[in-house]
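Commentary on secondary and tertiary structure
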There are 2 protein chains.
Amino acid sequence: MKSQFFSNAKGLLIDLDGVVYVGDGAIDGAVETINWLKEKSLACRFLTNTTTRSLASLHSKLTDLGLPIDKQEIISATYAGVLYLRQQDRPSCHLLLTDDPKDDFAEFPQNDINPNYVVVGDLAKSWSYDVMNRAFNMILGGAKLLALHKGRYWQTEEGLRMDIGAFVAGLEYVTGQEAVVIGKPSPQFFRMALSDMGLTADEVVMIGDDIHNDIGGAQKAGHKAVLVRTGKYRSDLVEQSGIEPDLVIDSIAQLPDYL
Amino acid sequence: MKSQFFSNAKGLLIDLDGVVYVGDGAIDGAVETINWLKEKSLACRFLTNTTTRSLASLHSKLTDLGLPIDKQEIISATYAGVLYLRQQDRPSCHLLLTDDPKDDFAEFPQNDINPNYVVVGDLAKSWSYDVMNRAFNMILGGAKLLALHKGRYWQTEEGLRMDIGAFVAGLEYVTGQEAVVIGKPSPQFFRMALSDMGLTADEVVMIGDDIHNDIGGAQKAGHKAVLVRTGKYRSDLVEQSGIEPDLVIDSIAQLPDYL
């Protein structure tokens, strides 16, 4: 059972959280599928909006889960944020991040009074009125709002959890300033991965569990996109979205059936 | 120096915070102006989006500041939220409010698991990831999002502070559900005040310091609107708004010069 649109595929973009692992466990068959892809010499990049870990720490987690993924194959929103800031003129930052991913931003001066950039990532339990109010005042004072992503929710073992898009959208509303959004579904993020692979959008298929960020984002960037029914997948939310995946499969383990 | 558009005025809608008081002090001349308005038998209603106090506690604060305002003359977003819920079919509520304004909602059953309504007001220092995540899951589970207002910021003695609109906009974004917004700038809120005064919109002028909520909202509801340069007034934010007040005066103390 080969799907027509895979005939041209030379590479894959694969989401991490919800597609190859959930919480602290690999998805059944993910390890085997990734090994199989590598045997077939298909180029792979793992595109993640996760901002809770530095690149080094994320790679270490994947290795611990037994997932055969190289560090250079990971393209995280956090690291893409670093690449974005390198292109700016002497950026100073106020980082809404936990300590581990802050490491990735060590090359930029931190300024917690009047920075050029307020960088929004995941603060876990540390979100508070004061955190938001300080960011609000920095942005009113001239800082740009840089969102590492603008996700709505993600899947955990206990159910759906609200994502940082709530705080990004909130800051946009109160300041009247639209954020620069780095991670999925930003087309630049997909282009960054393509450029790294040396392939064109029609040669690369996206695999994800997030109907907006993975499927909608990839399709807008010119990719075909496959939705998996693991992770944050929920049929009612897919229907509400108005986005139509090119293919829906039960999990990444089914991928070899279609290639 | 009489302004043309006041010639028809039989009543006034006056914002409280930033117009008649800031923090714990009455604005200079506010007491005298309100006394003067009452001597002239102009109908007054005080329209406030404040959700940090019950109606009783708000009236007590105004009295302590020496402001000659009757409890029946105050129309608060909190109380308007109560009136809205009374029109719904057996509403159960999860209240994002501090204890004092919760008193106003005592007649409705509280349900902190699967309520019909998530009511968003000011939680002061108690905003957190968990508060937002619980509200997010309740709304995904079927609850309606009822925002007592959607203000962007307000003025304090220490400067501008971010308002609850950040959290309302954030919940709207992650849930995909538009909030029912009760307070200013909702046209229904202005109509509620008019109905209480028995006057028409062209007979009543709004006085406020918030370019969006007071001036934009009142104009959309058919009122002329006067912006005061006290409270949260900032000329740059007025310019950015694209909203043009019918008149701008230094403070409420100048009002008798124009009537």
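Look up a bit, the structure's there.
Residues numbered from 1 in each chain as written. Chains lettered and ligands numbered in written order. Predicted model: local features only at pLDDT ≥ 70, side-chain atom pairs only at ≥ 80, totals over all residues. Heavy atoms only, no water.

**Here's the deal with the interface of chain B and chain A**
- With 29 residues of chain B at the contact, the number on the chain A side is 29 residues.
- Here chain B meets chain A over a buried area of about 2600 Å², counting both sides, of which 62% is carbon and sulfur.
- When the area that chain B buries against chain A is broken down by residue, the three leading residues are Tyr-129, Met-162 and Tyr-173 of chain B, summing to 31%.
- In this structure, the salt-bridge partner of Lys-125 of chain B is Asp-130 of chain A, at a minimum N-O distance of 2.8 Å.
- Across the chain B-chain A interface, the total number found is twelve residue pairs in polar contact (both at pLDDT 80 or more).
- Of all the secondary-structure elements, those providing two or more residues to the side of chain B that touches chain A are helix H5 (129-140), strand S9 (153-156), strand S10 (159-162) and helix H6 (165-175) of chain B.
- Per-element tally for the side of chain B that touches chain A: the top contributor is H6 of chain B, with eight residues.
- Grouping the amino acids of the side of chain B that touches chain A by side-chain chemistry returns 16 nonpolar, six polar and seven charged. (Contact = heavy atoms within 4.5 Å. Buried area = accessible area lost by both parts, 1.4 Å probe. Salt bridge = Lys/Arg side-chain N within 4 Å of Asp/Glu carboxyl O. Polar contact = N/O pair within 3.5 Å; in protein donor to acceptor, adjacent residues only side chain to side chain. Helix = DSSP H or I, 4+ residues; strand = E, 2+ residues; numbered from the N terminus. Nonpolar A, V, L, I, M, F, W, Y, C, P; charged D, E, K, R; others polar.)

**Some details on the packing of helix H6 (residues 165-175) of chain A against H6 of chain B**
- Interhelical geometry of H6 of chain A versus H6 of chain B gives an angle of 130 degrees and a closest axis separation of 7 Å. Here H6 of chain A is positioned oblique relative to H6 of chain B, judged by the angle of their axes. Two packed elements cross with a definite hand, and for H6 of chain A against H6 of chain B that hand is right-handed. Contacts from Gly-165, Ala-166, Ala-169, Gly-170, Tyr-173 and Val-174 of chain A of H6 of chain A reach H6 of chain B at Gly-165, Ala-166, Ala-169, Gly-170, Tyr-173 and Val-174 of chain B.
- Class assignment of the residues belonging to the contact of H6 of chain A with H6 of chain B gives a composition of eight nonpolar, four polar and no charged. (Axes fitted to C-alpha atoms, helices over the stretch in contact; angles between N-to-C directions. Parallel < 35°, antiparallel > 145°, perpendicular 65-115°, else oblique. Left-handed = near helix turned anticlockwise from the far one by under 90°.)

**Looking at the pattern of salt bridges**
- This model, assessed by the stated rule, comprises 24 salt bridges over all chains.
- Among the salt bridges present, the one from Glu-203 of chain A reaches Lys-10 of chain A, with a minimum N-O distance of 3.1 Å. Here Glu-203 of chain A is found in the loop between helix H7 (187-197) and strand S12 (204-208), whereas its partner Lys-10 of chain A is found in the segment before strand S1 (11-15), with 193 residues between them in sequence.
- Relative accessible area serves as the criterion here: at 15%, Glu-203 of chain A is assigned to the buried category.
- Across the salt bridge formed by Asp-250 of chain B and Arg-229 of chain B, the nearest N and O atoms sit 2.5 Å from each other. Of the two residues, Asp-250 of chain B is situated in the loop between strand S14 (247-249) and helix H10 (255-258) and Arg-229 of chain B in the loop between strand S13 (224-228) and helix H9 (235-241); the sequence distance between them amounts to 21 residues.
- Classification of Asp-250 of chain B by relative accessible area gives partly exposed; the value is 43%.
- Each of Asp-15, Lys-184 and Asp-214 of chain A takes part in salt bridges that share partners, so that together they form one network. (Buried < 20%, exposed > 50% of the residue type's maximum accessible area, 1.4 Å probe, protein only.)

It is worth stressing that arrangement in space is one thing and function is another; only the former is reported here.
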